[in-house]
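Summary of structural features
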Amino acid sequence: MMIIWSFAKHAFMIFWYRYVKVLNLILPSIVVQGKRLVVFPDVYKPLENEYACADYCRQGDRVLDLGCGSGVGAVFCAPKASELLAVDINPSAVKNTAENCRLNGLNNVRVKQSDMFSGVDGKFDLILANPPYLEADFQDKDKQFATSVRYLPMLFAQVGEHLADDGRLLIQYPMWFRGLIERLGAERGLKLTEVRRMPLKSPGLLLLSLLYMQFGFRSAFYLLEPMRTPQARRLAA
């Protein structure tokens, strides 16, 4: 039964990726909170009010957008940030984010290709992470990068090296995975400090989401911060 389910899931994802690519060719842009974003054919369209990640960005923050996709996080956080680095493993996503930053007149954003943190140096006040929701475990390593099976463990294993002392990690993920995220964070010295559902979709965005076969769940923002030992608290006092 598990083999049948795995095969069916893979078959559906193959169909879905092709279907979304065609839709993106037909609908090559989206307006988010008054900002027009172009979306390349093989890049995920922002359909969950991802712009609200900017609520967690403080004035003057150094921000890393890890897996930037179309660049919605970069576009909305950059006006508050002192500098922002946007990375993605997908070369098309890198070009897409660069184009949307150009269209929105942003000059404090660097965009580069990187497999997770491989091309990232330094520490950040805020790290944005929007992991893939797909949980399938592919044999083909070229496909595995687009799954949460690979992304989440690598994220938590390496994020501590790139968080400032008072830095924050903001993950966008389905609501029912709170236990998993809290456990993975605790194992790496990160405390889950806030869980907030993403803003409700407008009727137009809801219809567009249905067209893209994205329905049945509402994601949340998970905010994690480094745990502080008693000694660290005394030093900070």
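The shown structure was predicted, so the numbers you read here are calculated from the model rather than taken from an experiment. (Residues numbered from 1 in each chain as written. Predicted model: local features only at pLDDT ≥ 70, side-chain atom pairs only at ≥ 80, totals over all residues. Heavy atoms only, no water.)

Some points on the sheet that holds strand 8 (residues 190-197)
The strand order across the open sheet built from seven strands is 5-4-3-6-7-9-8, with neighbouring strands paired in mixed fashion. Where the open sheet ends on each side, the last strands, each with one partner, are strand 5 (109-113) and strand 8. In this sheet, adjacent strand axes meet at a mean angle of 20° when their direction is disregarded. Sheet topology places strand 8 next to strand 9 (residues 219-226); seven bridges connect them, and they run antiparallel. Looking at strand 9, one finds that K191 is bridged to E225. On top of the sheet, helix 3 (residues 91-103) reaches strand 4 (83-88) and strand 5; it is set at about 165° to strand 5, its chief contact. (Pairing = 2+ DSSP bridges. Helix = DSSP H or I, 4+ residues; strand = E, 2+ residues; numbered from the N terminus. Axes fitted to C-alpha atoms, helices over the stretch in contact; angles between N-to-C directions. Contact = heavy atoms within 4.5 Å.)

Observations concerning the packing of aromatic side chains
Per the counting criterion, the structure on display carries six aromatic pairs. Ring plane angle 20° and centroid distance 5.7 Å describe the contact between F15 and Y19, whose orientation is recorded as stacked. Taken together, the positions of F15 and Y19, both in helix 1 (residues 2-26) and four residues apart, correspond to about one turn of that helix. Here the aromatic rings of Y51 and F76 are separated by 5.7 Å at their centres, their planes lie at 50°, and the arrangement is tilted. Taken together, the residues Y51 in the loop between strand 2 (35-38) and strand 3 (62-66) and F76 in helix 2 (residues 72-77) connect sequence positions 25 residues apart. Across the pair, F76 and Y51 agree in class, each one buried. Chaining the aromatic ring pairs together yields one cluster made of Y173, W176 and F177. It is K35 that lies over the ring of F76; its NZ or CZ is 5.7 Å from the centre. (Phe/Tyr/Trp six-rings, centres within 6.5 Å; stacked < 30°, edge-to-face > 60°. Buried < 20%, exposed > 50% of the residue type's maximum accessible area, 1.4 Å probe, protein only. Lys NZ or Arg CZ within 6 Å of the ring centre and 35° of its normal.)

Some words on helix 6 (residues 178-187)
Restricting attention to buried positions, one finds in helix 6 the residues I181, L184 and G185. Down the axis of helix 6, the buried side of the element spans an arc of 100°, and every buried residue falls inside it. Just beyond helix 6, the residue with positive phi is G189, at close to 80°. (Arc of directions from axis to C-beta.)

Regarding empty space enclosed by the protein
For the structure shown, the criterion picks out one cavity of 30 Å³ or more. Empty space within the largest cavity amounts to approximately 30 Å³. Lining the largest cavity, in full, are W16, V20, Y44, K45, L47 and Y212. Classifying every residue of the lining of the largest cavity gives five nonpolar, no polar and one charged. (1 Å grid on protein atoms, 1.4 Å probe; cavity = no way out; pocket = protein on both sides within 12 Å on 5 of 7 lines; lining within 4 Å. Points joined across faces, edges and corners; volume = space filled by probe spheres on them. Nonpolar A, V, L, I, M, F, W, Y, C, P; charged D, E, K, R; others polar.)

Section: the pairing of strand 1 (residues 29-32)
The side-chain alternation of strand 1 yields one buried face, formed by I30 and V32, and one unburied face, formed by S29 and V31. Relative to strand 2, strand 1 runs antiparallel, the two sharing four bridges. Within the sheet, the bridge partner assigned to S29 lies in strand 2 and is V38.

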